[in-house]
Amino acid sequence: MSPKQTAKDHVIYLDNHATTPMDPRVLQEMLPTFTQVFGNAASRNHEYGWEAEELVDQARDRIARLINAGGKEIVFTSGATESNNLAIKGVAEMHREKGNHLITAVTEHKAVLDPCKRLESEGYEVTWLPVNREGLIDLDQLADSITDKTILVSIMAANNEIGVLQPVSEIGRLCKERGVLFHTDATQAVGKVPVDVEAMGIDLMSLSGHKLHGPKGIGALYVRRRKPRVRLTCQMDGGGHERGMRSGTLNVSGIVGLGKACDLAREEMAEESARVGGLRDRLKDKILGALDEVYVNGSLEHRLPGNLNVSFAYVEGESLLMGIEDVAVSSGSACTSASLEPSYVLRALGVGDELAHSSIRFGVGRFNTEEEIDYVADKLIGVVQRLREMSPLYEMALEGIDLSKVEWAHH
Amino acid sequence: MAYSDKIIDHYNHPRNVGSLDKNDPNVGTGIVGAPECGDVMKLQVRVNPETGVIEDAKFKTFGCGSAIASSSLATEMLKGMSVDEAVQIKNMRIVEELSLPPIKIHCSVLAEDAIKSAIADYKKKQTDAEQASVGEPAVATA
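Worth saying up front: this structure is predicted, and the values here are computed from it rather than measured. (Residues numbered from 1 in each chain as written. Chains lettered and ligands numbered in written order. Predicted model: local features only at pLDDT ≥ 70, side-chain atom pairs only at ≥ 80, totals over all residues. Heavy atoms only, no water.)

1. Overview of the overall build of chain A
In terms of regular secondary structure, chain A is built from 13 helices and 13 strands. Relative to the globule expectation of 22 Å for 411 residues, the C-alpha radius of gyration of chain A, 23 Å, shows essentially globular dimensions. Structurally, chain A occupies a C-alpha span of about 75 × 65 × 35 Å along its principal axes. By residue count, 57% of the 411 residues in chain A fall in the buried class. The contacts in chain A between residues at least 6 apart in sequence include a share of 73% that link residues at least 24 apart. Of the roughly 17,400 Å² of accessible surface on chain A, a fraction of 50% belongs to carbon and sulfur atoms. (Helix = DSSP H or I, 4+ residues; strand = E, 2+ residues; numbered from the N terminus. Rg over C-alpha atoms; globule rule 2.2 N^0.38 Å. Buried < 20%, exposed > 50% of the residue type's maximum accessible area, 1.4 Å probe, protein only. Contact = heavy atoms within 4.5 Å. Areas by Shrake-Rupley, 256 points an atom, 1.4 Å probe, with all protein chains shown as cover.)

Next up, the structure:
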């Protein structure tokens, strides 16, 4: 029987912020853990347990090395969503006596926003920092927001939609000065850009396996052990694994995969980010060179090498995606969902709803090639031109009509 | 989301894309939707004033594939129809014809609105012209 054809056989993958293909070297490393080294890492009485624990410890060290932490500071979770929940709710609960104030930003992932909202509904106070046109928070505003009741600042390292890198080092320094814990959701950053918890003053950091060519269903929360020793209330009660911070039998296979993925990232990041950044720039230059009224969303300077988020004026995002059906990307238009609200991240940047509906997010990754980028650029340019030909907005703009002055029949 | 073959066909080969002269008294133009909602449809009909039959229909649409397909299909249906028949078109006919999924039904509603709006514009032009010809003295031929 021939293997079933999958998307991978005929669709170019440029959605590496959603997830990444697992590196075959990661899979190789994981394979023995399914059938051979299958022990429970918490089994203290026999060799099966010991060898599983040894693999887990090796993985801890590999992850720690990538982010300049210690192995004992790694708490395994099911992924970044859980890590974010554990960090935010865990710190809030533990430090309830000290204060009830948290600070985050409006462009955070839902896995940070929603735990904060829940805390808000339970009586905590949350400051939601805005971002500027570039997608960056204002450090002075952050400094002004910190009060003696502030217990946690949670600001992401790299944004999942626009790839914008927040000034993590400066935030870390500020938090240190003011004696406030600093959590960063570094899901998109780890393995893509250098992250150093010591140099950046990070106290808690979320990361995920499948965003850096590791497996899904595994993530970690870095929890600082010295200066200061961060304490948090566990959100999952049980056998007291992970030093009581996260109960549940360790996902040894996933852990081994995450460890290997981090190891590969550490060895190859410099070279890879240069290559991936080059491909991203190639894509950007081709598109901007061929089409007018194309806007890059978010800072180009402070940005992940693989990210490109662009709006094509007068063309709706979903119809664009339909025209490039053999390319996997994602759109900031929410026309597919029940609500007609476009991306809240783009909105926060001040991008108008009509341009937000026209946006596409490209995520270039480890396995993309120059040929793929050229193909995608050419195809996309053709589709944008074709859709503009049938766009009443483009026609009106060419006639010199100011679209913002038109009274639209809202529905 | 998987699209029906008909939607894909209309998206790839849209019928009657283009514009008619909006100043022509026999042309009715409807523009509905809003850019910030993610869809705007412009639908135009040219009516034979003698017979009341729609002789040509054109559209331009900013919107998702279903919106493009809905308006493309609408122009196909309109050609050869009388103005009175055209205003009777219900969005469900477009939904059925294209097998639109539930979350895309608003696209068909927008197409129905565009048809109604274009016909209304045509009728208004006709009434205005009649009133103008009644109200003004006949131009003397020199």
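Text resumes after the structure shown.
2. Let's talk about unusual backbone geometry
Of the consecutive residues Lys-227 of chain A and Pro-228 of chain A, the connecting peptide bond is found in the cis state with omega at -5°. With respect to the element layout, Pro-228 of chain A can be found in the loop between β8 (219-223) and α8 (252-290). Positionally, Lys-227 of chain A belongs in the loop between β8 and α8. For Ser-99 of chain B, which is not glycine, the phi torsion reads 50° and is therefore positive. Checked against the element boundaries, Ser-99 of chain B lands in the loop between α4 (91-98) and α5 (105-135).

3. Some points on the interface of chain A and chain B
At the junction of the two partners, chain A supplies 29 residues and chain B supplies 31 residues. Taken together, the connections running from chain A to chain B amount to four salt bridges. Along the contact surface separating chain A from chain B lie 13 residue pairs in polar contact (both at pLDDT 80 or more). At the level of elements, α9 (317-323), α11 (353-356), α12 (370-389) and α13 (392-398) of chain A are the ones that each hand at least two residues to the side of chain A that touches chain B. It is α9 of chain A that provides the largest number of residues to the side of chain A that touches chain B, a total of five residues. Grouping the amino acids of the side of chain A that touches chain B by side-chain chemistry returns 13 nonpolar, eight polar and eight charged. (Salt bridge = Lys/Arg side-chain N within 4 Å of Asp/Glu carboxyl O. Polar contact = N/O pair within 3.5 Å; in protein donor to acceptor, adjacent residues only side chain to side chain. Nonpolar A, V, L, I, M, F, W, Y, C, P; charged D, E, K, R; others polar.)

4. Regarding the pairing of strand β3 (residues 101-105) of chain A
Residues and elements named next belong to chain A. Burial within β3 is extensive, with five of its five residues counted as buried. Every second residue of β3 is oriented toward a common face, with His-101, Ile-103 and Ala-105 on one face and Leu-102 and Thr-104 on the other, all of them buried. Pairing analysis gives four bridges linking β3 to strand β5 (residues 150-154), with the strands arranged parallel. Looking at β5, one finds that Thr-104 is bridged to Ser-154. Relative to strand β4 (residues 125-129), β3 runs parallel, the two sharing five bridges. Bridging across to β4, Leu-102 finds its partner in Val-126. Taken together, β3, helix α5 (residues 110-121) and β4 form a β-α-β motif whose crossover is right-handed. (Pairing = 2+ DSSP bridges. Right-handed = clockwise from strand over helix to strand, strands pointing away.)

5. Quick look at the environment of Arg-93 of chain B
Residues and elements named next belong to chain B. The residue Arg-93 is located in helix α4 in this model. Among the residues examined, Arg-93 registers a relative accessible area of 40% and is labelled partly exposed. Each C-alpha atom of the pair Arg-93 and Val-45 lies 19 Å from the other, and the pair is 48 residues apart in sequence. Dropping the residues within four chain positions of it, Arg-93 is found in contact with Met-77 and Met-81.

6. Comments concerning the packing of helix α3 (residues 47-67) of chain A against α8 of chain A
Residue and element names in this part refer to chain A. Packing of α3 against α8 brings their axes to within 8 Å, and their N-to-C directions diverge by 30°. In this structure, α3 crosses over α8, and the sense of that crossing is left-handed. Between α3, through Ala-52, Leu-55, Val-56, Ala-59, Arg-62, Ile-63, Arg-65 and Leu-66, and α8, the contact on the second element is made entirely by Val-252, Ile-255, Val-256, Leu-258, Gly-259, Lys-260, Cys-262, Asp-263, Ala-265, Arg-266 and Met-269. Among the residues making up the contact of α3 with α8, the classes are represented as 13 nonpolar, one polar and five charged. (Axes fitted to C-alpha atoms, helices over the stretch in contact; angles between N-to-C directions. Left-handed = near helix turned anticlockwise from the far one by under 90°.)

7. Description of the environment of Leu-102 of chain A
Residue and element names in this part refer to chain A. Its place among the elements puts Leu-102 in strand β3. You can call Leu-102 buried: its relative accessible area is 1%. Taking the C-alpha atoms as reference, Leu-102 lies 8.4 Å from Lys-149; in sequence the two are 47 residues apart. Residues contacting Leu-102, with those up to four places away along its chain left out, are Ile-88, Leu-119, Tyr-124, Glu-125, Val-126, Thr-127 and Leu-152.

8. Description of the side chain of Glu-316 of chain A
You can see Glu-316 of chain A is positioned in the loop between β10 (307-312) and α9. Within the buried set, Glu-316 of chain A has no salt-bridge partner at all; the shortest N-O distance to an opposite charge, 6.3 Å, is to Lys-104 of chain B. (Lys, Arg positive; Asp, Glu negative; His and termini not counted.)

9. Comments concerning helix α1 (residues 5-12) of chain B
Among the residues making up α1 of chain B, those that are buried are Ile-7, His-10 and Tyr-11 of chain B. The arc enclosing the buried residues of α1 of chain B, seen along the axis, measures out at 100°, which places them on a common side. Of the surrounding elements, those touching the buried residues of α1 of chain B are α9 and α12 of chain A together with α2 (65-78) and α4 of chain B. (Arc of directions from axis to C-beta.)

10. Things to note about a nonpolar patch on the surface
On the surface, Leu-27, Leu-31 and Phe-34 of chain A cluster together to form a nonpolar patch covering roughly 270 Å² of accessible area. Take Leu-31 of chain A: its relative accessible area is 39%, and that puts it in the partly exposed class. (Patch = residues over 30% accessible without salt bridge, like charges linked within 9 Å, V, L, I, M, F, W, Y side chains within 5 Å.)

11. Observations regarding the sheet that holds strand β6 (residues 181-185) of chain A
Residues and elements named next belong to chain A. Taken together, the seven strands give an open sheet; going across it, the order is β2-β8-β7-β6-β5-β3-β4, and neighbouring strands pair in mixed fashion. Each edge of the sheet is formed by a strand with only one pairing partner; in this case those strands are β2 (74-77) and β4. Strand after strand, the sheet turns through a mean of 20° between neighbouring axes, direction not considered. Pairing of β6 with strand β7 (residues 204-208) involves three bridges; the strand directions are parallel.

12. Quick word on the confidence of the model for chain B
Residues and elements named next belong to chain B. In the predicted model, chain B carries a mean pLDDT of 92, and 94% of its residues have values of at least 70. Looking at the elements of chain B, mean pLDDT is at its lowest for α5, recorded as 91, and at its highest for strand β3 (residues 53-62), recorded as 97. Model confidence for the complex: the whole-complex pTM is 0.91, and ipTM, which rates the interface, is 0.89. (pLDDT = per-residue confidence, 0-100.)

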